[in-house]
Amino acid sequence: MVERHHADDPLARLRERTPVLQTLSEAGAEDLPFEGTAVAVSSHLEPKTGIFVETLRDAGAEVLCTANDPESVHGDVVAHLDAQPGITAFAEPGMSEADLDRAHRELLDREPDVLATDGAELLAKLYADPDRSTDEIRGCTEQTTSGVSRARAMEADGVLDVPVFAVNHTPMKHWFDNVHGTGESALTNVMISTNTVLSGRTVVVAGYGYVGRGVATKARAIGANTVVTEVDPRKAIRAHMDGHRVLPMDEAADVGDLFVTATGNCRVLRARHFERMSDGAMLCNVGHRDVEVAVAELADMATEITDLEEGITRYSLADGREIDLLAEGKLVNLTGPYSQGHPAAVMDSTFGAMFLAARELAVGTEREPGVHQLPERLDRDIARLKLDALGVEIDSLTDLQQRYLDAWQRDEIV
Ligand SMILES: NC(=O)c1ccc[n+]([C@@H]2O[C@H](COP(=O)([O-])OP(=O)(O)OC[C@H]3O[C@@H](n4cnc5c(N)ncnc54)[C@H](O)[C@@H]3O)[C@@H](O)[C@H]2O)c1
């Protein structure tokens, strides 16, 4: 992980590159929509999250921030945030999973009104403790695919009694963040940390959702041969029609040079696949935490495990093959040695959508418990702010065009 060294303000450089959040921050400082509201932010505590936290605070919130992954806590960001009025950090660099668990409990003891989560861990902790009341919680806004599926699982179990906005599922999030942000940052990290050229190599991508599609498309764009594995027939045909080779993982294991898991699922790469991989194969994960590669099975097969360099662990197998695991099977774009997460330009719209979702929970009409789509008007608001920031202008419908689209007897109009 790269610590930044802007002595006085580690967020300074990123403020310039997050125009959507800066606009929301300026408007929020006038209206103070979050006044009297405590917002708990649980995310990767790195600079872009820091900007999000400041934006909420500028708009009147008391912000309680914590990590969702101990590996992605940036000490300079935490110190900078914690020193500001209206912000309390419940995280520290080098913390263990047990420390993080304790930090989450301490944060929840402060009884936040709104949760803004990445992975829904804080939401799950809330319901895991039967002594905690959710009566005063106005809702949660969830940023990522895995967190939304977790919230849906809570809803299906009849546990969830607050509204959750599935921010991941709004177009202004997953069209850009999952596809371009993860796609580019994952491959960049692999190439830098392994000093590898991917052109001409075979990249196997497990999962062809938004993230997998981004990784596979960008890998092919830089000259790699791409193979996709899937369990959903529609996603598989989409990958096929997009020009990737689709194979079961048992066969893909034979041909891959680099394997990238992007499924949100567990044990996608496991012993039966490691047995077939070629010498020098590299494995990494950009999907869900550290469960997509069965690292313990790889360790069981190894006669020697060497920390080759930061972020690369080499597993030497009895038959002489060596397999390199990147970032210990954790998210390579967020916890790898050179990781800076997603580019600021992408997180600007993601956190912009998170901000509007949290504001809707704080001051909008009360919603039923359950998982909700972000209202389309808010998604469009983010798109407009983003276009303004880019200086890109678009056309608008003429009155006649609008009437034409609204009519079913169209011959009378044209
Ligand atoms: N690293 C990051 O910065 C980052 C950013 C965004 C999302 N994510 C995570 O990436 C994961 C994928 O997100 P998404 O938006 O693409 O989700 P998605 O639901 O659109 O796609 C996941 C795909 O994986 C497939 N899949 C499930 N199990 C599989 C298996 N065993 N083998 C092959 N394919 C399988 C599914 O059919 C689906 O098509 C999630 O865990 C999400 O939280 C990570």
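- The name an unreviewed UniProt entry assigns to the chain is Adenosylhomocysteinase, from the organism Halorubrum saccharovorum DSM 1137.
- Word for word, the UniProt comment on the chain under Sequence similarities (unreviewed entry) is "Belongs to the adenosylhomocysteinase family."

**What about the overall build of the chain?**
Step number 1: Along its length, the chain carries 17 helices and 15 strands.
Step number 2: By the compact-globule yardstick of 22 Å for 414 residues, the chain fits well, its C-alpha radius of gyration being 22 Å.
Step number 3: Along the longest, intermediate and shortest principal axes, the C-alpha atoms of the chain span 65 × 65 × 45 Å.
Step number 4: For the chain, with 414 residues in total, the buried portion stands at 53%.
Step number 5: Here the contacts in the chain between residues at least 6 apart in sequence split such that 69% fall between residues at least 24 apart.
Step number 6: About 18700 Å² of surface is accessible on the chain, with carbon and sulfur atoms providing 48% of the total.
Step number 7: In the chain, the 39 positive side-chain charges and the 71 negative ones have mean positions that sit 5 Å from each other.

**Some thoughts on the pattern of salt bridges**
Step number 1: Taken as a whole and judged by the stated rule, the model has 30 salt bridges.
Step number 2: Taking the shortest distance from any N to any O, the salt bridge between Glu54 and Arg15 comes out at 3.0 Å. You can see Glu54 sitting in helix α3 (residues 47–58) and its partner Arg15 sitting in helix α1 (residues 12–15), a full 39 residues away along the chain.
Step number 3: Accessibility expressed as a relative area gives 7% for Glu54, which makes it buried.

**What to know about the site of the ligand**
Step number 1: Around the ligand there are 26 residues in total, and Thr145, Ser146, Val211, Glu230 and His342 lie nearest to it.
Step number 2: At 2.5 Å from an oxygen atom of the ligand is found a side-chain nitrogen or oxygen belonging to Glu230.
Step number 3: When the ligand is considered free in solution it has 860 Å² of accessible area, and contact with the protein chains removes 86% of it.
Step number 4: Grouping the amino acids of the shell around the ligand by side-chain chemistry returns 8 nonpolar, 15 polar and 3 charged.
Step number 5: Per-domain counts for the shell around the ligand show at least three residues from each of domain 1 (12–173 + 342–390) and domain 2 (179–335).

**Some remarks on the sheet that holds strand β12 (residues 302–309)**
Step number 1: With respect to topology, 8 strands assemble into an open sheet ordered β9-β8-β7-β10-β11-β14-β13-β12, the strand pairing being mixed. This sheet does not close on itself; its edge strands, each paired only once, are β9 (245–246) and β12.
Step number 2: By the bridge criterion, 4 bridges tie strand β7 (residues 202–206) to strand β10 (residues 258–261) in an arrangement that is parallel. Bridge pairing links Val204 to Phe259 in β10.

**Points about the UniProt feature "binding site: NAD(+)" (unreviewed entry) in the chain**
Step number 1: This chain's UniProt record puts "binding site: NAD(+)" (unreviewed entry) on Gly209, Tyr210, Val211, Gly212, Arg213, Gly214, Glu230, Asn333 and His342. The greatest C-alpha distance among the annotated residues, which extend across 134 residues, is 24.5 Å, indicating that they are dispersed rather than converging on a single site.
Step number 2: Examined against the element boundaries, Tyr210 turns out to sit in helix α9 (residues 210–221).
Step number 3: With relative accessibility at 41%, the residue Tyr210 sits in the partly exposed group.
Step number 4: Not counting residues within four places of it along the chain, the set of residues in contact with Tyr210 comprises His174, Asn178 and Val179.

**Some thoughts on a negative patch on the surface**
Step number 1: Negative charge collects at one region of the surface, where Glu111, Asp135, Glu136 and Asp161 lie side by side.
Step number 2: Among the secondary structure elements, Glu136 is positioned in the loop between α6 (121–128) and β5 (139–142).
Step number 3: For Glu136, a relative accessible area of 62% translates into the label exposed.

**Some points on the UniProt feature "domain: S-adenosyl-L-homocysteine hydrolase NAD binding" (unreviewed entry) in the chain**
Step number 1: In the numbering used here, UniProt assigns the "domain: S-adenosyl-L-homocysteine hydrolase NAD binding" (unreviewed entry) feature to residues 178–339.
Step number 2: Summarising residues 178–339: 37% helix, 24% strand, and an end-to-end C-alpha distance of 16 Å.

**A word on the nonpolar core**
Step number 1: Residues Phe34, Val41, Leu56 and Leu123 are the most contacted members of the largest nonpolar core, which totals 70 residues.
Step number 2: Every residue in contact with Val41, bar those within four places of it in the chain, is listed here: Thr49, Phe52, Val53, Leu56, Val63, Leu64, Cys65, Thr66 and Ala116.
Step number 3: Among the nonpolar cores identified, the runner-up in size contains 24 residues, and Val190, Val286, Ile312 and Val332 belong to it.

**Description of the environment of Glu71**
Step number 1: Counting through the fold element by element, Glu71 comes out in the loop between β2 (62–67) and α4 (75–82).
Step number 2: Exposure remark for Glu71: the relative accessible area of 33% places this residue in the partly exposed category.
Step number 3: In this structure the C-alpha to C-alpha distance between Glu71 and Pro10, which are 61 residues apart in sequence, comes to 18 Å.
Step number 4: Polar contacts involving the side chain of Glu71 include one to the side chain of Lys330, which spans 2.8 Å.

**Considering a nonpolar patch on the surface**
Step number 1: A contiguous nonpolar surface patch, about 460 Å² in accessible area, is contributed by Leu397, Leu400, Tyr404, Leu405 and Val414.
Step number 2: The topology assignment puts Leu397 in the loop between α16 (376–390) and α17 (399–406).
Step number 3: Here Leu397 falls in the partly exposed class, since its relative accessible area comes to 46%.

**Some words on the sheet that holds strand β1 (residues 38–43)**
Step number 1: Spatial strand order, β3-β2-β1-β4-β5-β6-β15: 7 strands in an open sheet with parallel pairing. One side of each edge strand has no neighbouring strand; the edge strands of this open sheet are β3 (87–90) and β15 (370–372). Adjacent strand axes in the sheet meet at a mean angle of 20 degrees, parallel and antiparallel pairs treated alike.
Step number 2: Looking at chain direction, strand β6 (residues 163–166) and β15 are connected through 3 bridges and run parallel. The residue bridging Pro163 from the neighbouring strand is Gly370, located in β15.
Step number 3: Across the sheet, helix α5 (residues 97–109) lies against β1, β2 and β3, angled at about 165 degrees from β2, the strand it touches most.

Analysis parameters
- Residues numbered from 1 in each chain as written.
- Predicted model: local features only at pLDDT ≥ 70, side-chain atom pairs only at ≥ 80, totals over all residues.
- Heavy atoms only, no water.
- UniProt positions renumbered as here; feature names shortened; annotations may be inferred.
- Helix = DSSP H or I, 4+ residues; strand = E, 2+ residues; numbered from the N terminus.
- Rg over C-alpha atoms; globule rule 2.2 N^0.38 Å.
- Buried < 20%, exposed > 50% of the residue type's maximum accessible area, 1.4 Å probe, protein only.
- Contact = heavy atoms within 4.5 Å.
- Areas by Shrake-Rupley, 256 points an atom, 1.4 Å probe, with all protein chains shown as cover.
- Lys, Arg positive; Asp, Glu negative; His and termini not counted.
- Charge placed at Lys NZ, Arg CZ, Asp CG, Glu CD.
- Salt bridge = Lys/Arg side-chain N within 4 Å of Asp/Glu carboxyl O.
- Near = heavy atom within 4 Å.
- Polar contact = N/O pair within 3.5 Å; in protein donor to acceptor, adjacent residues only side chain to side chain.
- Nonpolar A, V, L, I, M, F, W, Y, C, P; charged D, E, K, R; others polar.
- Domains from an automatic or database assignment.
- Pairing = 2+ DSSP bridges.
- Patch = residues over 30% accessible without salt bridge, like charges linked within 9 Å, V, L, I, M, F, W, Y side chains within 5 Å.
- Core = buried A, V, L, I, M, F, W, Y, C linked by side-chain atoms within 4.5 Å.
- Axes fitted to C-alpha atoms, helices over the stretch in contact; angles between N-to-C directions.

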